[in-house]
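Each chain, letter by letter, is given below.
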Amino acid sequence: MFSELSGSNLWFNGKIIPWQEANIHIMTHALHYASSVYEGLRSYHGKIFKATEHYQRLHKSAAYLDFQIPYTSEELIEATQQLIIRDKYQYGYIRAIAWCGSKVMTVSHNGADVNVAIGIWERPLTYPSQYYSDGICMNIAQWRRPDPNTAPVHSKTAGLYPISSISKKEAEKQGFKDALMLDYQGNIAEATSSNIFLVINGQLYTPVPKCFLNGITRCTCLQIAKDAGIPTQEITLTLEDLNKAQEVFLTGTAIEILPVGSIVGHNKTWSFKPGLVTHTIRSNFQNMINNF
Ligand code: PMP
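Small disclaimer: the values here were computed from a predicted structure and weren't measured.

## Some points on the overall build of the chain
- Broken down by element type, the chain carries 8 helices and 15 strands.
- For 292 residues, the compact-globule estimate of 2.2 N^0.38 gives 19 Å, and the C-alpha radius of gyration of the chain, at 19 Å, lies within 12% of that figure.
- Taken along the three principal axes of its C-alpha coordinates, the chain extends 55 × 40 × 35 Å.
- Taking all 292 residues of the chain together, 52% fall into the buried category.
- Once local pairs closer than 6 in sequence are excluded, the contacts in the chain between residues at least 24 apart make up 72%.
- Approximately 14,000 Å² of the chain is accessible, and the part contributed by carbon and sulfur atoms is 51%.
- Averaging the positions of the 25 positive and the 24 negative side-chain charges in the chain gives two centres separated by 2 Å.

Put into structure tokens, the structure is as follows:
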């Protein structure tokens, strides 16, 4: 029942309980209406990276869905630290989730109970070295990121993830590692759970996060680029711009900085090679996570 994924303990509404005992009722609002928001965080050498940013985003995500998390960011950071210390996690992947419970079962979650849980398991990043020398292969998803007027696109809510899940599954079925998502206007948006950067003649370009998450890793990379003196622009990017790009990479908490070697779709294959800019951003990011 608990598949291959198993940590030791979870923090659940203020208490630390054994992983196997963290259960919820079938008549949970979030299960039926996707009234849940979550965060994926990482700990490096036992310390949570960008903890405040992640827990503040969790609160913002809930606010977009019009419910309130009954714990402050500080309390949630403290809870996560308790789990890390208790089970001695070093390179942990942390999932924090807040959701509307089983008190109401109507479309509106007015009056619903809000629950919060945090789970962690050891998950150091262990991609093959080829991913870094050559980059991963992506296709182009058939599904698009929605118009910001049709969905709470800046909320990390479960309700938006089927777009990513079915796109990534389709990519994997076709032998790709991930999928490029276009936005509702056909511009380049992001990958299924990470942001995208293009390098054109030594300059860094990334789409404006109008209809997708402004990732915490994305913001970190923009700062790294600024500090390294790499000229950067947040700008509308189209598939045409892939013709000009020499390097492409993805950014996200789970994948960190991941080079892209090719993008296949629309009867074309674009090829890239991780180069100086990707290496600089990645090695400065590695420095940051090893020394914060
Ligand atoms: N876009 C989507 C759809 C995501 O799920 C994620 C992962 N949270 C990201 C971008 C990257 O965000 P971050 O760097 O904050 O992990």
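## A look at the nonpolar core
- Within the largest apolar cluster, 28 residues are counted, with the highest numbers of intra-cluster contacts made by Trp11, Tyr55, Phe67, Leu76, Ile94 and Ile118.
- Counting only elements with at least two residues in this core, the list comes to strand S3 (36-44), helix H2 (51-64), helix H3 (73-87), strand S5 (92-100) and strand S6 (114-122).
- At 5 residues, H3 tops the list of elements feeding residues into this core.
- Not counting residues up to four positions away in its chain, the partners in contact with tyrosine 55 are Leu41, Ser73, Leu76, Ile77, Thr80, Ile94, Ala96 and Ile118.
- Counting 25 residues, the second-largest nonpolar core is a separate cluster that includes Tyr131, Ile136, Ile140 and Leu242.

## Focus on empty space enclosed by the protein
- All told, the structure shown has 1 cavity of 30 Å³ or more when counted by the stated rule.
- Computed from the structure, the largest cavity encloses a volume of approximately 70 Å³.
- Around the largest cavity, the lining residues are Arg42, Tyr44, Phe49, His54, Ile216, Thr217, Thr220, Gly252, Thr253, Glu256 and Phe285.
- At the level of secondary structure, the elements contributing two or more residues to the lining of the largest cavity comprise S3 and helix H6 (216-227).
- With 3 residues, the top contributor of residues to the lining of the largest cavity is H6.
- A class-by-class count of the residues in the lining of the largest cavity yields 4 nonpolar, 5 polar and 2 charged.

## Here's the deal with the pairing of strand S7 (residues 136-145)
- Pairing analysis gives 4 bridges linking S7 to strand S14 (residues 256-265), with the strands arranged parallel. Across the sheet, cysteine 137 pairs through a bridge with serine 262, a residue of S14.
- Between the parallel pair S7 and strand S8 (residues 178-183), the chain is carried across by helix H5 (residues 161-173), and the sense of this crossover is right-handed.

Conventions adopted
Residues numbered from 1 in each chain as written. Predicted model: local features only at pLDDT ≥ 70, side-chain atom pairs only at ≥ 80, totals over all residues. Heavy atoms only, no water. Helix = DSSP H or I, 4+ residues; strand = E, 2+ residues; numbered from the N terminus. Rg over C-alpha atoms; globule rule 2.2 N^0.38 Å. Buried < 20%, exposed > 50% of the residue type's maximum accessible area, 1.4 Å probe, protein only. Contact = heavy atoms within 4.5 Å. Areas by Shrake-Rupley, 256 points an atom, 1.4 Å probe, with all protein chains shown as cover. Lys, Arg positive; Asp, Glu negative; His and termini not counted. Charge placed at Lys NZ, Arg CZ, Asp CG, Glu CD. Core = buried A, V, L, I, M, F, W, Y, C linked by side-chain atoms within 4.5 Å. 1 Å grid on protein atoms, 1.4 Å probe; cavity = no way out; pocket = protein on both sides within 12 Å on 5 of 7 lines; lining within 4 Å. Points joined across faces, edges and corners; volume = space filled by probe spheres on them. Nonpolar A, V, L, I, M, F, W, Y, C, P; charged D, E, K, R; others polar. Pairing = 2+ DSSP bridges. Right-handed = clockwise from strand over helix to strand, strands pointing away.

By themselves, these are just geometric observations and shouldn't be taken as functional.
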